[in-house]
Amino acid sequence: MKFVVSSTELLSRLQSISRVISSKNTLPILDDFLFEIHDNMLTIMASDLESTMRTRLSLDNVDGQGKIAIEAKRLTDILKEFPEQPLIFEVNQETLAVDILSDNGKFSVVGQNGDEYPEMRHLNEGSAVSVSLSGSALLKGINKTFFATADDELRPVMNCIFIKFDENGATFVASDTHKLVRYGNSDIKFGGSSSFILPKKPATMLKTILPKENQEIKVQFDDKNAYFQLSEYEMICRLQEGQYPNYEAVIPSNNPNRLTISRLDFATVLKRVSVFSSSSNLIKLDIKSDFVTVTAQDIDFSISAYEKINAQYEGDEMLIGFKSAFLIDILGAMNSENVVLQMSDPSRAGIVVPLEKESESEDELMLLMPMMIND
């Protein structure tokens with residue numbers, strides 16, 4: 001088997017799918033890429049058994065067909081050092097020897113039998129649900145919620161993004177129990193109602209390949225797996241089992257106190273003042289009618305700071321505490337010039353929403369639990 005491929009194009013594809021490969025694979029062959037030639041099409045696959053990614057390249061110069069598994073790290077390390085040039089791969093499928101010929105040299109490795117590589121899983125066609133949406137819409141839903149996922153071994157569903165499709169569009173939700181993000185997009189059309197829980201690792205991989213996608217993508221899922229079909233990539237991943245918590249129940253509906261403030265100015269003040277906070281990362285917001293005083297202190301080191309920032313406030317004067325890192329994360333995940341912090345009282349969750357919507361079809365809500373203030 002012999003084929004010719006561009007060094008930079010091959011490296012780009014391999015780097016995109018290599019993120020699926022685990023450092024703790026149970027099968028040695030999963031440290032490899034699977035190369036398969038059929039007609040003039042090169043298919044390359046990487047897997048950790050939970051998630052599998054595949055990409056296809058159309059080639060002009062091919063002789064023979066078959067499959068071979070090649071060590072992933074060594075191959076990507078080699079390709080990183082090549083300038084753009086055609087590379088010739090010569091594969092002896094009896095000895096599994098692989099020769100890579102460049103303009104000025106030859107690099108020889110030994111592959112593994114491609115027939116031993118685990119096959120890509122398939123959905124249950126009888127129960128699979130299919131949705132078409134733009135790559136940018138899916139990417140935005142993931143980017144808006146990813147930062148709020150947890151790292152909780154005891155509650156794995158909290159480490160994931162909950163994605164729901166219904167007649168109102170798509171809803172993306174993530175929460176680590178301290179903060180919660182709900183992002184909706186009504187432009188995504190779907191009849192009926194269906195949902196799945198997307199683990200963090202496949203979400204990370206989608207974040208790397210979706211920015212290059214400018215076409216409609218296809219998402220299919222059943223009760224165990226989800227399949228994503230892009231123009232140059234495919235991914236199938238095992239979904240997180242379990243029931244996602246009733247997130248709507250924790251969002252307070254009556255929030256008469258409304259603080260409108262510049263998002264960037266607020267975030268900048270928080271970053272400055274939080275340098276003086278204790279290990280708990282507590283900052284206090286003393287909210288008056290036309291300004292907010294942001295305060296932090298660390299009694300153990302006898303340091304403190306406060307800074308005032310102009311704002312518009314409707315409601316009762318309030319002193320409320322938040323974990324500054326979480327509030328900064330929330331403000332950083334939004335794009336509007338101004339945000340509205342909606343509150344009921346200092347013991348209940350605050351809700352942050354954009355004052356200016358990016359689009360009428362989008363709905364964005366971020367919730368943050370307060371911290372106890374011991375005065």
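Everything below is about the structure printed above this text.
The rules behind these values
Residues numbered from 1 in each chain as written. Predicted model: local features only at pLDDT ≥ 70, side-chain atom pairs only at ≥ 80, totals over all residues. Heavy atoms only, no water. Phe/Tyr/Trp six-rings, centres within 6.5 Å; stacked < 30°, edge-to-face > 60°. Helix = DSSP H or I, 4+ residues; strand = E, 2+ residues; numbered from the N terminus. Buried < 20%, exposed > 50% of the residue type's maximum accessible area, 1.4 Å probe, protein only. Contact = heavy atoms within 4.5 Å. Patch = residues over 30% accessible without salt bridge, like charges linked within 9 Å, V, L, I, M, F, W, Y side chains within 5 Å. Areas by Shrake-Rupley, 256 points an atom, 1.4 Å probe, with all protein chains shown as cover. Salt bridge = Lys/Arg side-chain N within 4 Å of Asp/Glu carboxyl O. Pairing = 2+ DSSP bridges. Axes fitted to C-alpha atoms, helices over the stretch in contact; angles between N-to-C directions. Core = buried A, V, L, I, M, F, W, Y, C linked by side-chain atoms within 4.5 Å. Expected span 1.5 Å × (residues − 1).

**Examining the packing of aromatic side chains**
Okay, so step 1: Here the structure, examined in full by the defined rule, presents 12 aromatic pairs.
Okay, so step 2: Where Phe-82 meets Phe-107, the ring centres are 5.5 Å apart and the plane angle is 90 degrees; that geometry is what we call edge-to-face. With a gap of 25 residues between them, Phe-82 in the loop between helix H2 (72-80) and strand E7 (86-92) and Phe-107 in strand E9 (residues 106-110) connect regions that are remote in the sequence.
Okay, so step 3: Given the relative accessible area of 14%, Phe-82 is considered buried.
Okay, so step 4: Classification of Phe-107 as partly exposed rests on a relative accessible area of 34%.
Okay, so step 5: Look at Phe-165 and Phe-190: their rings are 5.8 Å apart centre to centre, the planes differ by 50 degrees, and that puts the pair in the tilted class. A residue pair is termed long-range when its members are at least 10 positions apart, and Phe-165 in strand E12 (residues 161-166) and Phe-190 in the loop between strand E14 (179-185) and strand E15 (194-198) qualify at 25 residues. As far as the burial class goes, Phe-165 and Phe-190 line up, both buried.

**Notes on the side chain of Thr-43**
Okay, so step 1: With respect to the secondary-structure elements, Thr-43 resides in strand E3 (residues 41-47).
Okay, so step 2: Those residues in contact with Thr-43 that sit more than four places away from it in its chain are Leu-34, Phe-35, Glu-36, Arg-54, Thr-55 and Arg-56.

**Considerations on a nonpolar patch on the surface**
Okay, so step 1: On the surface, a nonpolar cluster with roughly 390 Å² of combined accessible area is contributed by Val-275, Phe-276, Phe-301 and Ile-303.
Okay, so step 2: Position of Phe-301 among the secondary structure elements: in the loop between strand E21 (291-298) and strand E22 (303-310).
Okay, so step 3: By relative accessible area, which is 62% here, Phe-301 ends up exposed.

**Structural notes on the pattern of salt bridges**
It is possible for side chains of opposite charge to pair when their charged atoms get near one another.
Okay, so step 1: Applying the stated criterion to the full structure yields 23 salt bridges.
Okay, so step 2: One salt bridge connects Lys-67 with Asp-115, and the closest N-O pair in it is separated by 3.9 Å. Remark: Asp-115 occurs in the loop between strand E10 (112-113) and strand E11 (129-134) and Lys-67 occurs in strand E6 (residues 66-71); sequence separation between them is 48 residues.
Okay, so step 3: With its nearest N and O atoms 3.0 Å apart, the salt bridge here joins Lys-200 to Asp-151. Residue Lys-200 is located in helix H4 (residues 200-209), and its partner Asp-151 is located in the loop between helix H3 (135-146) and E12; the two are separated by 49 residues in the primary sequence.
Okay, so step 4: Under the relative-accessibility criterion, Lys-200 is labelled partly exposed at 22%.
Okay, so step 5: Here the salt bridges share partners, and the residues they tie into one network are Lys-140, Lys-144, Glu-358, Glu-362 and Glu-364.

**Comments concerning unusual backbone geometry**
Okay, so step 1: Unusually for a residue other than glycine, Asp-39 sits at a positive phi of about 55 degrees.
Okay, so step 2: For Asp-39, the location among the structural elements is in the loop between strand E2 (32-38) and E3.
Okay, so step 3: Residue classification places Asp-39 among the exposed residues on the basis of a relative accessible area of 53%.
Okay, so step 4: Look at Asn-281: it is not a glycine, yet its phi comes out positive at around 70 degrees.
Okay, so step 5: Along the chain, Asn-281 falls in the loop between helix H5 (263-274) and strand E20 (282-287).

**Section: the sheet that holds strand E17 (residues 225-229)**
Okay, so step 1: Taking strand neighbours across the sheet as the criterion, the 9 strands line up as E10-E6-E2-E3-E4-E18-E17-E16-E11 in an open arrangement whose pairing is antiparallel. Two strands bound the open sheet, and with one partner strand each, they are E10 and E11.
Okay, so step 2: Looking at chain direction, E2 and E6 are connected through 6 bridges and run antiparallel. Bridge pairing links Leu-34 to Ala-69 in E6.
Okay, so step 3: Contacts from H4 reach strand E4 (51-58), E17 and strand E18 (233-238), with the element oriented near 165 degrees to E18.

**Considering the nonpolar core**
Okay, so step 1: Of all hydrophobic cores here, the largest spans 64 residues; its most connected members are Phe-33, Phe-35, Phe-89, Phe-196 and Phe-228.
Okay, so step 2: Sort the elements by how many residues they give to this core and H3 lands first, with 5 residues.
Okay, so step 3: Formed by 36 residues, the second largest nonpolar core is a distinct cluster that contains Ala-148, Val-269, Ile-287 and Ile-330.

**Some words on H3**
Okay, so step 1: The terminal C-alpha atoms of H3, which comprises 12 residues, lie 16 Å apart, in line with the 16 Å expected from a rise of 1.5 Å per residue.
Okay, so step 2: Counting buried positions along H3 yields 9 of 12 residues, so the element is predominantly enclosed.
Okay, so step 3: Those residues of H3 that sit buried are Gly-135, Ala-137, Leu-138, Leu-139, Gly-141, Ile-142, Lys-144, Thr-145 and Phe-146.

**Examining the sheet that holds strand E23 (residues 312-314)**
Okay, so step 1: Ordered by their spatial adjacency, 9 strands build an open sheet running E15-E12-E13-E14-E27-E26-E25-E19-E23, and the pairing between neighbours is antiparallel. Two strands close off the open sheet at either side, each with one partner strand: E15 and E23. Adjacent strand axes in the sheet meet at a mean angle of 15 degrees when their direction is disregarded.
Okay, so step 2: One ladder, built from 5 bridges, connects E12 with E15; its direction is antiparallel. Residue pairing across strands places Ile-161 opposite Leu-198, the latter belonging to E15.
Okay, so step 3: The strands that H5 touches are strand E19 (257-262) and strand E25 (338-343); relative to E19, the one it contacts most, it runs at about 90 degrees.

**As for the environment of Pro-252**
Okay, so step 1: Examined against the element boundaries, Pro-252 turns out to sit in the loop between E18 and E19.
Okay, so step 2: As a C-alpha pair, Pro-252 and Thr-95 span 157 residues in sequence and 66 Å in three-dimensional space.
Okay, so step 3: In this view, Pro-252 contacts Arg-348, Ala-349, Ile-351 and Leu-367; residues no more than four positions away in its chain are not counted.

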